[in-house]
Amino acid sequence: MAGSARRPEHRGPPELFYDETEARKYTQNSRVVEIQSQMSERAVELLGLPEDRPCLLLDVGCGSGLSGDYISEEGHYWIGMDISPAMLDVAVEREVEGDLLLADVGHGIPFRPGMFDGCISISAVQWLCNADKKSHNPPKRLYRFFSTLYSALARGSRAVLQLYPENSEQLELITAQAMRAGFTGGMVVDYPNSAKAKKFFLCLFVGASGTLPKGLGTESAAEETHQAKFTNERTRFRNIKGKSVKKSRDWILEKKERRRRQGKEVRADTKYTGRKRRPRF
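Because the structure is a prediction, the values reported are computed rather than measured. (Residues numbered from 1 in each chain as written. Predicted model: local features only at pLDDT ≥ 70, side-chain atom pairs only at ≥ 80, totals over all residues. Heavy atoms only, no water.)

Draft legend 1. View of the nonpolar core. Counting residues in each nonpolar core, the largest one holds 32 residues, and the members touching the most others are Leu 58, Ile 109, Phe 145, Phe 146, Leu 149, Leu 161 and Phe 183. Of all elements in the fold, only strand S1 (56–60), strand S2 (77–82), strand S4 (116–122), helix H6 (138–152), strand S5 (153–163), helix H7 (168–180) and strand S7 (199–205) reach the threshold of two or more residues within this core. Top contributing element to this core by residue count: H6, with 6 residues. Leu 161 has contacts with Cys 119, Ile 120, Ser 121, Val 125, Phe 145, Phe 146, Phe 200, Phe 201, Leu 202 and Leu 204, leaving out every residue within four places of it along the chain. One finds Leu 47, Cys 55, Leu 57 and Trp 78 within the second-largest nonpolar core, a separate group that totals 24 residues. (Core = buried A, V, L, I, M, F, W, Y, C linked by side-chain atoms within 4.5 Å. Buried < 20%, exposed > 50% of the residue type's maximum accessible area, 1.4 Å probe, protein only. Helix = DSSP H or I, 4+ residues; strand = E, 2+ residues; numbered from the N terminus. Contact = heavy atoms within 4.5 Å.)

Listed below in structure tokens is the structure:
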């Protein structure tokens, strides 16, 4: 159930659509990578995670691990689920930091209760609305997914699912099954008046209901300034598993080494790497 920068034309189930050729083409597309990173950043922001500790997140439809890369860069740990073996093969080759599980989320989330501090999903949940086999019943598959996801999340946590609904009926079906499973929350729509930038995020609360965040592009300039404070740089302290303080020299070197392993071009390390510049007058 690999994510997508744009919802692909439905040509069969995702495990067949994302074959080895499509998986590699998808992961090597710079525009796809950029959009995936932006949507992952927004999804993690909407999770409202605590500032003072790393969290364990579930990435539903993790694909080749593009969204997981952002989770790792933010200092969190993650487990990814996907139905496409080809996508997961690419993730293994890229040496992503998360653990990977080949599974159909329509069969449920196979983890112990309260295991995760949050869940994100980029461009994956709408696949559950398709009846790719005679045995597939979309409402039942959606309910199985949401009910087991609710159980796997810690009380007070959130799930943020970015999706591309085909129509309003599909959106209502997905939302209704989530609420039936016990979630509260609703849809956050970023840039609702833009044909290209418009994005749907189903923001779900586990346990006590929270205040639904506002979509980007819907506030006045003053409110946008206030919201920007929520996304300011966060400082994370080195924890028992050895994560480095964000933006420190060690953190930068680790990030550069990770990108080298992924085959990306990275500037050579020097004595100036991570060095703070003096302020200009």
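Draft legend 2. Highlighting the packing of aromatic side chains. Under the definition given, this model contains 4 aromatic pairs. Both rings, one in Phe 111 and one in Phe 116, keep their centres 5.1 Å apart while their planes meet at 90°; by these two values the pair is edge-to-face. With 4.9 Å between their ring centres and 55° between their planes, Phe 145 and Phe 146 make a pair best called tilted. Accessibility expressed as a relative area gives 0% for Phe 145, which makes it buried. Here Phe 146 falls in the buried class, since its relative accessible area comes to 0%. Here the aromatic cluster, defined as three or more aromatic residues joined through ring pairs, consists of Phe 145, Phe 146, Tyr 150 and Phe 183. Over the face of the ring belonging to Tyr 143 we find Arg 180, whose NZ or CZ atom lies 4.0 Å from the ring centre. (Phe/Tyr/Trp six-rings, centres within 6.5 Å; stacked < 30°, edge-to-face > 60°. Lys NZ or Arg CZ within 6 Å of the ring centre and 35° of its normal.)

Draft legend 3. Examining the environment of Ile 120 more closely. Note that Ile 120 resides in strand S4. Considering only alpha carbons, one finds Ile 120 and Ser 40, 80 residues apart in sequence, at a separation of 7.8 Å. If sequence neighbours within four positions are ignored, Ile 120 has contacts with Ala 43, Val 44, Leu 47, Leu 58, Asp 59, Val 60, Ser 67, Ile 71, Val 160 and Leu 161.

Draft legend 4. Quick look at the packing of helix H3 (residues 30–47) against helix H4 (residues 66–73). Between H3 and H4, the shortest axis-to-axis distance is 8 Å and the interhelical angle comes to 50°. Our classification of the angle between H3 and H4 gives oblique. Judged by the twist between their axes, the crossing of H3 over H4 is right-handed. Side by side, H3 and H4 meet where Val 32, Val 33, Gln 36, Ser 40, Glu 41 and Val 44 of the first sit next to Leu 66, Ser 67, Tyr 70 and Ile 71 of the second. When its residues are assigned to classes, the contact of H3 with H4 shows 6 nonpolar, 3 polar and 1 charged. (Axes fitted to C-alpha atoms, helices over the stretch in contact; angles between N-to-C directions. Parallel < 35°, antiparallel > 145°, perpendicular 65-115°, else oblique. Left-handed = near helix turned anticlockwise from the far one by under 90°. Nonpolar A, V, L, I, M, F, W, Y, C, P; charged D, E, K, R; others polar.)

Draft legend 5. Expanded view of the sheet that holds S4. Across the sheet, which stays open at both edges, the 7 strands sit in the order S3-S2-S1-S4-S5-S7-S6 with mixed pairing between neighbours. Two strands in the sheet have a free side with no partner beyond their single neighbour: strand S3 (99–102) and strand S6 (184–190). With direction set aside, neighbouring strand axes in the sheet form an average angle of 15°. For S1 and S4, the ladder comprises 4 bridges, and the chain directions are parallel. Counterpart to Leu 57 in the pairing with S4 is Gly 118. Against the sheet, H4 engages S1, S2 and S4, with an angle of about 170° to S2. (Pairing = 2+ DSSP bridges.)

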